[in-house]
Amino acid sequence: MMEYIYYPGCSLKATSKAYFESINTISAPLGVNFKELEDWNCCGASLYMGINEMNSFALCARNLALAEKEGKDMAIPCSGCYTMFRKTNQYLKDYPEIKEKIYKVLEEVGLSYNGNVKVRHLAEIIINDVGLEKISSLVKRRLEGLNVACYYGCLMVRPKGGVEDTENPKSLDRLVTALGANPVFFPAKVRCCGGTLVGLGEDIGLRMVRNLLICAKDNKADLMVVTCPLCHMNIDVYQPRVKKKFNLGFTMPILYFTQLMGIALGLDKNSLGFKSLIVPAEPVVSKYL
Amino acid sequence: MAGLDVLMERGVALDFIKEISTIPGGEEIVQCIQCGTCSGCCPASFMMDYTPRHLVAMIRAGLREEVLSSQAIWLCTSCYTCTYRCPMGIKITDIMYALKRIALRSGKYPRGLKVEKLSKEFVNMINRYGRNHEAELVFRFAMKNPFKSIKDIPLGWSLFSHGKLPLMPEKIKDVNKIKTMIQKAEEVGGL
Ligand code: SF4
Ligand code: SF4
């Protein structure tokens, strides 16, 4: 059993139940134990960085300090949190003045951090540590004939420094292939979903979501898989609005990659979070369930 | 920072570029060759009043007011495409973050945007609970009137009925430590 320190992040406890549940469901069959970091706090997300940089680093540093005590790699399912932690680690290393300040902040609450936590995206852990060979040997229902658009979004691949190729990542495509499905050509795979723009100026955000949906549809995708709760929020939850606003003549189910894995591994469909999707996935995936 | 001398020769106000240069790696901004790569790949530039390349030029020209009151800085989604692709290694995303912070502090953001309220609510939530839900917060701000009953809003109801909107955010055990940390971080400061 491989063990990781798991930082679910705030979204997984609220809007992205589907992600949380499906991760729980697939981890045991994959031989992975994601042990939740005790008393973790919010990473500050992109919003706090735009309000106060030092506070934002401090919020991340507390989690890193707690995780360091556990002595294991940190598994992060949300691409936003993933980037915040990677960035904090990097800046503590690159800029001594930030390190000095943050160490003072941690000291104030009886913590210390030596910069040793390896911050990893949960998707990357599943793909590289569990490995595609093992995953395909566990597949019970090959997803033959299913066309999948693999959406990586921004923060799993940028800024540079993750394990993925930044301009044309292929790991999710390979994962989907290992499940028996067909990853379609999807040139928008690393194009931004709009992040939190819908909150500030709805039109702009919805337009960015529309572009992704059209690109996937034009390339004959039956569904799209994502690796981030904010991407999911934008493309799934706001999809009915996008559809109405731009007169789209189609809908496209948006699944977390972990849900798709759950189907292929033949796991209980009731524990894969399908009920909390806004765009229902059943019409497309029911033949594999 | 050789670039600054050139600007000084031309009589440009240097305060602003110096301010931006204090962020980690910020001094690289003088290396900009105005190639336009950032604007070309920015997913939001089509809606911006000034594109990222234009903003960089404006910062270097000392146009503080114009930059801080632009819509563009709030349309930056922090996607890091520009930062990754900039041939001169300029951390444009970090500069955008810094501009947001300066604009908030000096009250210079465009009136139509709900940035101040959104930021305040967010910070309050973290200070109170140690946790937040960004997507949920943004969702509430996307609604015309956040105080309306959730049942009046079709999307709100659909989220709620799908179990996506918990009534209370989770709270961490050590929430006082978060407050202590934030106080200290504010004291040691930085831009
Ligand atoms: S990509 Fe870099 S060098 Fe080119 S215009 Fe933008 S900031 Fe300047
Ligand atoms: S980080 Fe901001 S400015 Fe840079 S490309 Fe993305 S949205 Fe545009």
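Provided above is the structure to which this section pertains.
Residues numbered from 1 in each chain as written. Chains lettered and ligands numbered in written order. Predicted model: local features only at pLDDT ≥ 70, side-chain atom pairs only at ≥ 80, totals over all residues. Heavy atoms only, no water.

**Q** Describe the overall build of chain B, naming the residues involved and giving the relevant values.
**A** The helix and strand tally for chain B stands at 12 helices and 0 strands. For chain B, the sequential pattern of α-helices and β-strands runs α-α-α-α-α-α-α-α-α-α-α-α. In chain B, which comprises 191 residues, the share counted as buried stands at 53%. Long-range pairs, those at least 24 residues apart, make up 58% of the contacts in chain B between residues at least 6 apart in sequence. In the form shown here, chain B has an accessible surface area of approximately 8700 Å², with 53% of it arising from carbon and sulfur atoms. (Helix = DSSP H or I, 4+ residues; strand = E, 2+ residues; numbered from the N terminus. Buried < 20%, exposed > 50% of the residue type's maximum accessible area, 1.4 Å probe, protein only. Contact = heavy atoms within 4.5 Å. Areas by Shrake-Rupley, 256 points an atom, 1.4 Å probe, with all protein chains shown as cover.)

**Q** Tell me about the overall build of chain A, and please be specific about residues and values.
**A** Counting secondary structure elements, chain A contains 14 helices and 8 strands. The globule rule puts the C-alpha radius of gyration for 289 residues at 19 Å, and the 19 Å found for chain A is close to it. Expressed as lengths along the three principal axes of its C-alpha atoms, the size of chain A is roughly 55 × 45 × 30 Å. Burial status across chain A gives 66% buried among its 289 residues. Of the contacts formed within chain A by residues at least 6 apart in sequence, a portion of 77% connects residues at least 24 apart. Averaging the positions of the 35 positive and the 29 negative side-chain charges in chain A gives two centres separated by 6 Å. (Rg over C-alpha atoms; globule rule 2.2 N^0.38 Å. Lys, Arg positive; Asp, Glu negative; His and termini not counted. Charge placed at Lys NZ, Arg CZ, Asp CG, Glu CD.)

**Q** Tell me about the packing of helix 3 (residues 53-70) of chain A against helix 4 (residues 79-94) of chain A, residues and numbers included.
**A** Residue and element names in this part refer to chain A. Their axes nearest at 9 Å, the elements helix 3 and helix 4 cross at an angle of 95°. One way to sum up the angle between helix 3 and helix 4 is to call them roughly perpendicular. Together, S56, F57, C60, A61, N63 and L64 of helix 3 and M84, F85, K87, T88, N89 and Y91 of helix 4 make up the contact between the two elements. (Axes fitted to C-alpha atoms, helices over the stretch in contact; angles between N-to-C directions. Parallel < 35°, antiparallel > 145°, perpendicular 65-115°, else oblique.)

**Q** Requested: an account of the site of ligand 2, with residues and values cited.
**A** In the region of ligand 2, the neighbouring residues are B:C42, B:P43, B:P52, B:C76, B:T77, B:S78, B:C79, B:Y80, B:C82, B:T93 and B:M96. Across the shell around ligand 2, the residue classes break down as 8 nonpolar, 3 polar and no charged. (Near = heavy atom within 4 Å. Nonpolar A, V, L, I, M, F, W, Y, C, P; charged D, E, K, R; others polar.)

**Q** An account of empty space enclosed by the protein is requested, with residue identities and associated values reported.
**A** Empty pockets left among the atoms are what a rolling probe the size of a water molecule brings to light. Inspection of every chain in the model, using the stated rule, returns 5 cavities of 30 Å³ or more. Considering only enclosed or pocket space, the second largest cavity measures out at about 220 Å³ in volume. Forming the boundary of the second largest cavity are 18 residues, of which A:L47, A:T196, A:L200, B:W74 and B:K100 lie nearest the centre. Elements with a minimum of two residues in the lining of the second largest cavity: helix 2 (45-49) and helix 9 (197-200) of chain A together with helix 8 (92-105) and helix 9 (115-129) of chain B. Residues of the lining of the second largest cavity, tallied by class, amount to 10 nonpolar, 7 polar and 1 charged. (1 Å grid on protein atoms, 1.4 Å probe; cavity = no way out; pocket = protein on both sides within 12 Å on 5 of 7 lines; lining within 4 Å. Points joined across faces, edges and corners; volume = space filled by probe spheres on them.)

**Q** Kindly report on the pairing of strand 1 (residues 2-6) of chain A, identifying the contributing residues and their values.
**A** All names here are of chain A. Note that strand 1 and strand 2 (residues 32-36) share 5 bridges and pair parallel. Within strand 2, the position partnered with Y4 by the bridge is F34. Where the polypeptide runs from strand 1 across helix 1 (residues 17-30) and back to strand 2, its parallel neighbour, the crossover connection is right-handed. Bridging between strand 1 and strand 3 (residues 74-76) involves 2 bridges; their strand directions are parallel. The residue bridging I5 from the neighbouring strand is M74, located in strand 3. (Pairing = 2+ DSSP bridges. Right-handed = clockwise from strand over helix to strand, strands pointing away.)

**Q** An account of the sheet that holds strand 6 (residues 182-183) of chain A is requested, with residue identities and associated values reported.
**A** Residue and element names in this part refer to chain A. Taken in spatial order, the 4 strands line up as 6-5-7-8 in an open sheet, and their pairing is parallel. The open sheet is flanked by strand 6 and strand 8 (254-256), the only strands paired with a single partner. Sheet topology places strand 7 (residues 223-226) next to strand 8; 3 bridges connect them, and they run parallel. Across the sheet, V226 pairs through a bridge with Y256, a residue of strand 8. Lying on the sheet, helix 11 (residues 229-237) is in contact with strand 7 and strand 8; it crosses strand 8 at an angle near 165°.

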